[in-house]
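# Breakdown of the fold
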Amino acid sequence: MSEASHTAMGTVQPAAPGLRGVAADWSSDQRAFKNVSWGKAMMWIFLVSDTFVFGCFLVAYMTARMSTAVPWPNASEVFALHIGETNFPLLLIAIMTFVLISSSGTMAMAVNYGYRRNRKMTAILLLATAVLGAAFVGMQVFEWSKLISEGVRPWGNPWGAAQFGSTFFMITGFHGTHVTIGVIFLLIVARKVIRGDYDNGRRGFFTSRQGRWECVEIMGLYWHFVDLVWVFIFAFFYLW
Amino acid sequence: MTQAEIEAHQGPSHGTQKAAGKAEAHQQHPLKVYFVVWGWLFVLSAASYMVDYAGLEGYLRWTLILLFMFLKAGLIVAVFMHMVWERLALAYAILLPPLAVVVFMVLMALESDYTFLTRVMFLNSGG
């Protein structure tokens, strides 16, 4: 952080190291984020607002769970998979976690190859990310239909506190929606990469802004955020 | 003055498409960094799964789960989302506001303890 960063905005030296530099950047009559492009800054600010949305869901879940005197269903047993004679607790959730982490890995590498101007590798990695994301959603559909067939509803379930179903469908549903939207945008970005929009600056169909390779990194921020939210859902919903 | 600085002063209209692309070269890091983080995320996820599989309970379980959770979240934000390489002004602007959620969480934990107590005291079987 002590050295200058390079972006489209050119080289901007920090005013001073550490907190003094932060204060200087935030001082009046100037751009706070200097060399950070508007697109990236806006994506980060959107992600902060999304953090609050998921934060509120998880806090609501915590409140429901801590305030009920009825026993909470044991996630380890509810989400277990029977393979042959053995019962594996949380196996499907573990596979989903690894799939989503892998999709984050391929996304990070897509961003890297994007800045190397390697269209082919970027497109392949973006499509791989989309496939892994779609696989994740598919497994979530399987999980939902399994629980629904076992009698879990937003207003009740066979194993304990009624709030289990409502928080489960709300939190994983909202996360699954994020993943689905992410997959759609990954396909759109992959198409733009293949067509060369980021090399020739072709304007976007919706924003009319010139295509640039940073779009891949901004797409990546969203995708990593989806993985990040899953880290917290995995810990608080499935492992509590 | 470097080429990038000249472009920054003259504005994007002066730079050709190719030059603008060159100046944009940003967040370029060796691939190895990503593979190492990828590997660690796998290890940490497997470890938190093992906490459940081994049936650990109580403070040990929660210490481990929260530790693995924060390590994973930190790795994703710092490396995959490039936060360690971003300007400090952005990092503070993004990472500090979520602390409000922690305050909210503490408030609601106190509140739900109180609700639980009243339910046990007045509703017999709870609600």
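Residues numbered from 1 in each chain as written. Chains lettered and ligands numbered in written order. Predicted model: local features only at pLDDT ≥ 70, side-chain atom pairs only at ≥ 80, totals over all residues. Heavy atoms only, no water.

## Some thoughts on the overall build of chain B
To keep it simple, the criterion reads: Strands are runs of DSSP state E lasting at least 2 residues, helices are runs of H or I lasting at least 4, and numbering of each runs from the N terminus. Three exposure classes are used, based on accessible area relative to the maximum for each residue type with a 1.4 Å probe and protein chains only: buried under 20%, partly exposed in between, and exposed over 50%. By definition in these notes, contact holds between two residues if any of their heavy atoms fall within 4.5 Å. Surface accessibility in these figures is a Shrake-Rupley result with a 1.4 Å probe; residues are shielded only by whichever protein chains are displayed.
A tally of helices and strands in chain B yields six helices and zero strands. Seen in sequence order, chain B has helices and strands lined up from the N terminus as α-α-α-α-α-α. Classification of the 127 residues of chain B by burial places 33% in the buried group. Residue pairs at least 24 apart in sequence account for 52% of intrachain contacts in chain B once pairs closer than 6 positions are excluded. By element, 73% of the accessible surface of chain B is carried by carbon and sulfur atoms, the whole surface being about 7500 Å².

## Notes on the UniProt feature "transmembrane region" (unreviewed entry) in chain A
All names here are of chain A. For the record, the criterion: UniProt positions are given in the numbering used here, feature names are shortened, and annotations may be inferred rather than shown by experiment.
If you check UniProt for "transmembrane region" (unreviewed entry), the listed places come out as residues 41-64, 88-111, 123-142, 162-189 and 221-239 in our numbering. Across residues 88-111 one finds 88% helix and 4% strand; the C-alpha atoms that close the span lie 36 Å apart. End C-alpha to end C-alpha, residues 123-142 measures 29 Å, and it is 100% helix and 0% strand.

## Notes on the nonpolar core
Residue and element names in this part refer to chain A. Heads up, the condition is: For this analysis, a nonpolar core means a set of buried residues of the types Ala, Val, Leu, Ile, Met, Phe, Trp, Tyr and Cys, connected via side-chain atoms within 4.5 Å.
Grouped together as the largest cluster of nonpolar side chains are 94 residues, with contacts concentrated most on Trp44, Phe79, Leu126, Val216, Trp230, Phe237 and Tyr238. The biggest single contributor to this core is helix 8 (residues 214-238), with 17 residues. In this structure phenylalanine 79 touches Leu90, Leu91, Ile93, Glu143, Leu147, Phe164, Phe168, Phe237 and Tyr238, once residues within four positions along its chain are discounted.

## Some words on the environment of histidine 82 of chain A
Residue and element names in this part refer to chain A. This is how the line gets drawn: Polar contacts, as used here, are pairs of N or O atoms within 3.5 Å; protein pairs need one atom able to donate a hydrogen and one able to accept it. Residues neighboring in sequence count only if both atoms are side-chain atoms.
Among the structural elements, histidine 82 can be located in strand 3 (residues 81-83). For the pair histidine 82 and cysteine 215, spaced 133 residues apart in sequence, the C-alpha separation works out to 43 Å. Among the polar contacts listed, one links the side chain of histidine 82 to the side chain of asparagine 87, at a separation of 3.2 Å.

## Some details on the side chain of lysine 192 of chain A
Residues and elements named next belong to chain A. We apply this condition: Positive: Lys, Arg. Negative: Asp, Glu. His and the chain ends are not part of the count. Every case where a carboxyl oxygen of Asp or Glu lies within 4 Å of a side-chain nitrogen of Lys or Arg is listed as a salt bridge.
Its location among the elements puts lysine 192 in helix 6 (residues 163-195). For lysine 192, which is buried and forms no salt bridge, the nearest opposite charge comes from aspartate 197, at a distance of 4.2 Å. For lysine 192, the residues in contact, after removing those within four places along its chain, are Asp197, Tyr198, Gly204 and Phe205.

## Thoughts on the confidence of the model for chain B
Segments scoring low in pLDDT should not have their predicted coordinates read at a detailed level. All names here are of chain B. Stated precisely, the cut-off is as follows: Per-residue confidence from the prediction method is given by pLDDT, with values spanning 0 to 100.
Residues at a pLDDT of 70 or more form 76% of chain B, whose mean pLDDT is 81. Within chain B, helix 2 (residues 17-23) has the poorest average pLDDT of any element, 39, and helix 4 (residues 58-80) the best, 94. Across residues 1-25, where pLDDT falls below 50, the model places 27 contacts with residues more than four positions away in sequence or in other chains.

## A look at the UniProt feature "transmembrane region" (unreviewed entry) in chain B
Residues and elements named next belong to chain B. When the UniProt feature table is mapped onto this chain numbering, "transmembrane region" (unreviewed entry) sits at residues 33-51, 63-83 and 89-110. The straight-line gap between the two end C-alpha atoms of residues 63-83 is 26 Å; of that span, 86% is helix and 0% is strand. For residues 89-110, the helix share is 86%, the strand share is 0%, and the end-to-end C-alpha distance is 34 Å.

## A look at helix 5 (residues 88-95) of chain B
Taken together, the buried positions of helix 5 of chain B are Ala89, Leu90, Ala91 and Ile94 of chain B. Check the buried side of helix 5 of chain B and you find it contacts helix 1 (18-26) and helix 2 (38-67) of chain A.

## What to know about the pattern of salt bridges
Applying the stated criterion across every chain, the model contains eight salt bridges over all chains. Of the charged contacts, one joins glutamate 217 of chain A and lysine 40 of chain A as a salt bridge, the two residues approaching to 3.3 Å between their closest N and O atoms. Note that glutamate 217 of chain A is positioned in helix 8 and lysine 40 of chain A in helix 2, a separation of 177 residues in sequence. Taken as a pair, glutamate 217 of chain A and lysine 40 of chain A share a single burial class, namely buried. Across the salt bridge formed by aspartate 197 of chain A and arginine 195 of chain A, the nearest N and O atoms sit 2.8 Å from each other. A relative accessible area of 1% means that aspartate 197 of chain A is categorised as buried. Arginine 195 of chain A gets classed as partly exposed once you look at its relative accessible area, which sits at 32%. Taken together, the shared-partner salt bridges connect Lys40 and Glu217 of chain A together with Glu86 of chain B into one network.

## Brief notes about the interface of chain B and chain A
The following threshold applies: Summed over both partners, the accessible area lost on bringing two parts together, with a 1.4 Å probe, is the buried area. Note on residue categories: nonpolar means Ala, Val, Leu, Ile, Met, Phe, Trp, Tyr, Cys or Pro, charged means Asp, Glu, Lys or Arg, and polar means any other residue, Gly included.
Between chain B and chain A, the residue contacts involve 67 residues of the former and 79 residues of the latter. The junction of chain B with chain A conceals about 6400 Å² of combined surface from both sides, 70% of it contributed by carbon and sulfur atoms. Linking chain B with chain A are two salt bridges. Across the pair glutamate 86 of chain B and lysine 40 of chain A runs a salt bridge, and its minimum N-O distance is 2.7 Å. There are eight residue pairs in polar contact (both at pLDDT 80 or more) connecting chain B and chain A. Looking at the side of chain B that touches chain A residue by residue, the class counts come to 42 nonpolar, 15 polar and 10 charged.

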